[in-house]
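Breakdown of the fold
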Amino acid sequence: LFFFLKIEKPKPIKCGTFGATSLQQRYLATGDFGGNLNIWNLEAPEIPVYSVKGHKEIINSIDGVGGLGIGEGAPEIVTGSRDGTVKVWDPRQKDTPVANMEPVQGESKRDCWAVAFGNAYNQEERVVCAGYDNGDIKLFDLKTMSLRWETSIKNGVCSVEFDRKDVNMNKLVATSLEGKFHVFDMRTQHPTKGFASVSEKVQKSTIWQVRHLPQNRDIFMTSGGAGSLHLWKYEYPAQRSKKDFEGAEMGVAGSVSLLQNVTLSTQPISSLDWSPDKKGLCVCGAFDQTVRVLIVTKLNKV
């Protein structure tokens with residue numbers, strides 16, 4: 001039995017997450033076109049339980065951690081905006097972000113399109129990954145409040161996701177405007193070369209979203225501008241690291257294989273998520289204003 005409640009707000013909502021609250025609360029955090037971060041109790045949605053003018057321009061992306069049993073530490077929210085900043089919020093602290101990652105003086109601001117938490121395996125460790133419109137990827141270490149790593153995939157970064165938030169960094173997938181995705185092995189960081197990666201060209205159109213299967217982090221799905229879904233599996237190499245000629249450890253990238261693909265729409269599939277409870281159950285939304293619920297079978301055999 002389903003109950004629908006239509007709630008209209010003054011500013012269009014761009015993104016949302018349940019990730020920073022408990023299963024009991026299930027508060028929804030949203031970012032809107034006015035740069036506002038709001039947290040809503042959906043049982044009393046008239047007034048937000050937390051509200052802050054977080055950014056000067058639209059909030060493009062949002063992620064939560066510390067709630068829903070995902071990750072250790074504080075129930076934080078990260079927002080990425082067109083104003084070039086990435087901010088981390090703790091709803092227990094009013095009005096002021098606990099971290100603000102912005103361009104240094106003289107550096108041009110870039111539109112931040114994607115943000116994701118990771119490495120939240122204990123109370124102290126946590127990172128934020130951000131992807132930008134020019135292809136830059138930046139990894140911010142919230143424990144040391146520093147930029148830990150940066151690279152560029154040379155085309156707008158539409159989505160980033162760690163394979164799991166609540167473990168030592170293992171893998172990161174970044175998808176791009178040009179139909180390519182990159183898988184970074186995040187276990188070994190070389191002093192100069194950073195993280196090893198493998199890339200795959202899927203199609204000519206944008207890859208809007210990537211989501212890892214909650215029950216098997218080596219399987220992930222990408223959604224495309226051609227209205228298609230692609231299911232992938234990551235295969236680890238025989239050895240995940242090796243020593244360079246100076247004796248420094250460097251990562252070794254694995255390979256990616258396509259398990260299945262399907263075209264569902266003539267319009268881009270812009271959002272995607274898996275059920276944490278029912279293995280293979282997923283939902284996606286497309287520009288044709290249709291929400292589709294799907295089931296992927298035989299995942300226990302791959």
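Residues numbered from 1 in each chain as written. Predicted model: local features only at pLDDT ≥ 70, side-chain atom pairs only at ≥ 80, totals over all residues. Heavy atoms only, no water.

- An unreviewed UniProt entry annotates the chain as Dynein axonemal assembly factor 10 originating from Chloroceryle aenea.
- Taken directly from UniProt, the Subcellular location (unreviewed entry) text for the chain runs: "Dynein axonemal particle". (UniProt positions renumbered as here; feature names shortened; annotations may be inferred.)

Considerations on the overall build of the chain
- Along the chain, the regular secondary structure elements total 0 helices and 25 strands.
- Burial statistics for the chain: of 302 residues in total, 51% are counted as buried.
- At a minimum sequence separation of 6, the contacts of the chain that also span at least 24 residues come to 46%.
- Of the accessible surface of the chain, which amounts to about 15100 Å², a share of 50% is contributed by carbon and sulfur atoms.
- Looking at charge distribution, the chain has the averaged site of its 37 positive side-chain charges lying 5 Å from that of its 34 negative ones. (Helix = DSSP H or I, 4+ residues; strand = E, 2+ residues; numbered from the N terminus. Buried < 20%, exposed > 50% of the residue type's maximum accessible area, 1.4 Å probe, protein only. Contact = heavy atoms within 4.5 Å. Areas by Shrake-Rupley, 256 points an atom, 1.4 Å probe, with all protein chains shown as cover. Lys, Arg positive; Asp, Glu negative; His and termini not counted. Charge placed at Lys NZ, Arg CZ, Asp CG, Glu CD.)

Some words on the packing of aromatic side chains
- For the structure on display, the rule yields 6 aromatic pairs.
- Judged by centre distance (4.9 Å) and plane angle (85°), the rings of tryptophan 149 and phenylalanine 195 are edge-to-face. With tryptophan 149 in strand β12 (residues 146–152) and phenylalanine 195 in the loop between β15 (180–185) and β16 (197–201), this residue pair connects regions lying 46 residues apart in the sequence. Both residues of the pair, tryptophan 149 and phenylalanine 195, count as buried.
- Relative to phenylalanine 220, the ring of phenylalanine 181 lies with its centre 5.4 Å away and its plane at 90°, an arrangement referred to as edge-to-face. (Phe/Tyr/Trp six-rings, centres within 6.5 Å; stacked < 30°, edge-to-face > 60°.)

Structural notes on the state of the cysteines
- Counted under the stated rule, the structure contains 0 disulfides.
- Cysteine 112 carries a free sulfur, and the closest cysteine sulfur to it, the one in cysteine 129, is 9.2 Å from it.
- Free of any disulfide, cysteine 284 has its nearest cysteine sulfur in cysteine 282, 6.4 Å distant. (Disulfide = S-S within 2.5 Å.)

Here's the deal with the nonpolar core
- Among the nonpolar cores identified, the biggest contains 17 residues, and Leu139, Phe162, Phe184 and Met186 are the most heavily contacted of them.
- Of all the secondary structure elements, the ones that give two or more residues to this core are β9 (112–118), β10 (127–132), β11 (136–141), β13 (157–162) and β14 (171–176).
- For this core, the leading source of residues is β13, giving 3 residues.
- When near neighbours in sequence (up to four residues on either side) are disregarded, methionine 186 contacts Leu139, Trp149, Phe162, Met169, Asn170, Lys171, Leu172 and Phe195. (Core = buried A, V, L, I, M, F, W, Y, C linked by side-chain atoms within 4.5 Å.)

Brief notes about the sheet that holds strand β6 (residues 76–81)
- Spatially, 4 strands are ordered β5-β6-β7-β8 in an open sheet, and the strand pairing comes out antiparallel. Each edge of the open sheet carries a strand with a single partner, namely β5 (59–65) and β8 (99–101). Averaged over all pairs of adjacent strands, the angle between their axes in this sheet comes to 15°, without regard to strand direction.
- By the bridge criterion, 4 bridges tie β6 to strand β7 (residues 86–89) in an arrangement that is antiparallel. If you follow isoleucine 77 over to β7, its bridge partner there is tryptophan 89. (Pairing = 2+ DSSP bridges. Axes fitted to C-alpha atoms, helices over the stretch in contact; angles between N-to-C directions.)

Some points on the environment of arginine 92
- Mapped onto the secondary structure, arginine 92 falls in the loop between β7 and β8.
- Once the C-alpha coordinates of arginine 92 and alanine 74 are considered, the two residues, 18 residues apart in sequence, prove to be 9.4 Å apart.
- A polar atom in the side chain of arginine 92 sits 2.7 Å from the side chain of aspartate 90. (Polar contact = N/O pair within 3.5 Å; in protein donor to acceptor, adjacent residues only side chain to side chain.)

Let's talk about the pattern of salt bridges
- A complete count under the given rule lists 18 salt bridges for this structure.
- Close ionic contact of glutamate 57 with lysine 109 constitutes a salt bridge, the shortest N to O distance being 2.8 Å. Remark: lysine 109 occurs in the loop between β8 and β9 and glutamate 57 occurs in the loop between β4 (50–53) and β5; sequence separation between them is 52 residues.
- For glutamate 57, a relative accessible area of 27% corresponds to the partly exposed category.
- Put simply, lysine 143 and glutamate 125 hold a salt bridge, and the shortest N to O gap is 3.0 Å. Taken together, the residues lysine 143 in the loop between β11 and β12 and glutamate 125 in the loop between β9 and β10 connect sequence positions 18 residues apart. (Salt bridge = Lys/Arg side-chain N within 4 Å of Asp/Glu carboxyl O.)

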